[in-house]
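If you want the building blocks of each chain, they are given just below.
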Amino acid sequence: MQLTPMAPKCGVEVSGVSLANCTDAEMDNIRTTIYEHGVAVFRDQEFSPEDHITFGKRWGGVDVNKYFPISDDFPEIALVKKEADESTNIGGAWHTDHSYDQIPAMGSVLVARDLPPSGGDTQWAHMGAAYDALPDDLKAEIEGLSAFHTADHVYKEDGLYAQTDMGKNLRGQHVRTGATHPVVIRHPQTGRKLLYVNGGFTINFVGQTREESLPLLQRLLDAAVMDDNQCRLQWKPGTVAIWDNRTSWHNALNDYAGHRREMHRITLSGEPLAA
Ligand code: SIN
């Protein structure tokens, strides 16, 4: 496997491996690669929906998303799609997948199935680099803090998506979620300190109201997406991205009006998080 950095602090392109046929040793290498770099990108893959599911199950378990439409034939696969006549996309703001679960998904495997002629890139930001770059006084302020995460405001009956043309495509409007995680976690495998709040699902710090939490939360959210923490992927047919949801945030750009984009996502089961 050869690794080529996508940006100085986030993301690598990996060549020399076929995901559908990878060995256990290559699988272990991919794991350590995403733990370190946040996201790994694989080009020119022959990766059918069956391969996608087999790969996810080999990794150690699949957490089916509660809200996205699922494939009729492959219920483990969540469809991240936007039709040519729709305006709102899925995942079009910085977030990390499933942080509203008490045992959040460790990662995600996203496969390009139908791409617009241009646009529809995805960005990632590295939360280890984000934490490292915080000023010492801010690091001291967040040491020992925990935060509450939920997806209710996003997906419920009158939530953010319900007010858009994507609302009709989603499910799980009655599901209620809520989880508390340390603001700074240690990566379960590498022990690296990572900032673990995100703009999509983090509501407040424990012991503080939303209003009291917002100034500090906003400082952290702004610091996390400094340009030099980020990388950006231009998808092509056959591209697969695998990312670590603890090490990275991501953001799906919505700049392809009038064109269809369909991606298949499997979300990989994780473990409880600790400071
Ligand atoms: C997501 O998983 O949030 C969507 C990413 C994308 O569509 O690029």
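Relevant structure appears above.
The shown structure was predicted, so the numbers you read here are calculated from the model rather than taken from an experiment. (Residues numbered from 1 in each chain as written. Predicted model: local features only at pLDDT ≥ 70, side-chain atom pairs only at ≥ 80, totals over all residues. Heavy atoms only, no water.)

A.B. asks: Got a minute to help me understand the pattern of salt bridges in this structure?
C.D. replies: Should the charged atoms of two oppositely charged side chains come close, the side chains can pair. This model, assessed by the stated rule, comprises 20 salt bridges. Between glutamate 143 and lysine 193 there is a salt bridge, and its shortest N-O distance comes to 3.4 Å. Remark: lysine 193 occurs in strand 10 (residues 193-195) and glutamate 143 occurs in the loop between helix 4 (136-142) and strand 7 (146-149); sequence separation between them is 50 residues. Look at lysine 193 and you get partly exposed, because its relative accessible area is 22%. What emerges from the salt-bridge pattern is a single network uniting Lys81, Glu83, Asp114, Arg260 and Glu262. (Salt bridge = Lys/Arg side-chain N within 4 Å of Asp/Glu carboxyl O. Helix = DSSP H or I, 4+ residues; strand = E, 2+ residues; numbered from the N terminus. Buried < 20%, exposed > 50% of the residue type's maximum accessible area, 1.4 Å probe, protein only.)

A.B. asks: In this structure, what is going on with helix 1 (residues 24-37)? I would like to understand it.
C.D. replies: Because each turn of an α-helix spans 3.6 residues, side chains separated by three or four positions end up pointing in the same direction. In a regular helix each residue adds 1.5 Å, so 14 residues correspond to 20 Å; helix 1 covers 20 Å between its end C-alpha atoms and thus fits that length. Within helix 1, burial applies to Met27, Ile30, Arg31, Thr33, Ile34 and Tyr35. Along its buried surface, helix 1 packs onto strand 1 (2-5), strand 2 (12-15), strand 3 (39-42), helix 2 (49-59) and strand 13 (240-244). Within two residues after helix 1, glycine 38 carries a phi angle of roughly 90 degrees, on the positive side. (Expected span 1.5 Å × (residues − 1). Contact = heavy atoms within 4.5 Å.)

A.B. asks: Looking at this model, I keep getting lost on the sheet that holds strand 3. Mind explaining?
C.D. replies: Neighbouring strands of a sheet are bound in pairs by backbone hydrogen bonds; such pairs are parallel or else antiparallel. One open sheet accounts for seven strands, arranged 1-2-3-13-5-15-4; its pairing is mixed. At either margin of the open sheet sits one strand with a lone partner, and together these are strand 1 and strand 4 (78-82). The mean angle between the axes of side-by-side strands here comes to 25 degrees, regardless of whether they run parallel or antiparallel. Alignment of strand 4 against strand 15 (residues 261-268), held across five bridges, turns out to be antiparallel. Residue valine 80 lies in a different strand from strand 15, and its bridge partner there is methionine 263. (Pairing = 2+ DSSP bridges. Axes fitted to C-alpha atoms, helices over the stretch in contact; angles between N-to-C directions.)

A.B. asks: In this structure, what is going on with the packing of aromatic side chains? I would like to understand it.
C.D. replies: Two numbers describe a pair of aromatic rings. These are the distance of the centres and the angle of the planes. Applying the stated criterion across every chain yields a total of eight aromatic pairs. Ring centres of phenylalanine 47 and phenylalanine 55 lie 5.9 Å apart, and the angle between their planes is 75 degrees; this geometry places the pair in the edge-to-face category. Look at phenylalanine 55 and you get buried, because its relative accessible area is 2%. Taking the centre distance of 5.5 Å and the plane angle of 25 degrees together, the rings of tyrosine 155 and tyrosine 161 count as stacked. Like tyrosine 155, the residue tyrosine 161 is buried in the burial classification. Among the aromatic side chains, those forming a connected cluster through ring pairs are Tyr67, Tyr100, Tyr155, Tyr161 and Phe201. One residue, arginine 31, lies across the ring of tryptophan 59, its end atom 4.8 Å from the ring centre. Cation over ring: lysine 139 sits above tyrosine 131, and NZ or CZ is 5.1 Å from the ring centre. (Phe/Tyr/Trp six-rings, centres within 6.5 Å; stacked < 30°, edge-to-face > 60°. Lys NZ or Arg CZ within 6 Å of the ring centre and 35° of its normal.)

A.B. asks: Looking at this structure, how should I read the packing of helix 1 against helix 2?
C.D. replies: A pair of packed helices is characterised by two quantities: the angle between their axes and the separation of those axes. Remark: helix 1 packs on helix 2, axes separated minimally by 11 Å, with the N-to-C direction vectors making an angle of 75 degrees. On the basis of their axis angle, the class for helix 1 and helix 2 is roughly perpendicular. Of helix 2, the residues touching helix 1 (which contributes Asp24, Met27, Ile30, Arg31 and Ile34) are Phe55, Arg58 and Trp59. The residue makeup of the contact of helix 1 with helix 2, split by class, is five nonpolar, no polar and three charged. (Parallel < 35°, antiparallel > 145°, perpendicular 65-115°, else oblique. Nonpolar A, V, L, I, M, F, W, Y, C, P; charged D, E, K, R; others polar.)

A.B. asks: What should I look at first to understand the site of the ligand in this one?
C.D. replies: By nearness alone, every residue bordering the ligand is listed as Val80, Gly91, His95, Leu110, Thr122, Trp243, His250, Ala252, Arg261 and Arg265. Interatomic distance of 3.0 Å between a side-chain N/O atom of histidine 95 and an oxygen atom of the ligand. Within the side chain of threonine 122, an N or O atom sits 2.5 Å from an oxygen atom of the ligand. Protein chains shield 100% of the accessible area of the ligand, which is 260 Å² for the free molecule. Residues belonging to the shell around the ligand are distributed by class as follows: four nonpolar, four polar and two charged. (Near = heavy atom within 4 Å. Polar contact = N/O pair within 3.5 Å; in protein donor to acceptor, adjacent residues only side chain to side chain. Areas by Shrake-Rupley, 256 points an atom, 1.4 Å probe, with all protein chains shown as cover.)

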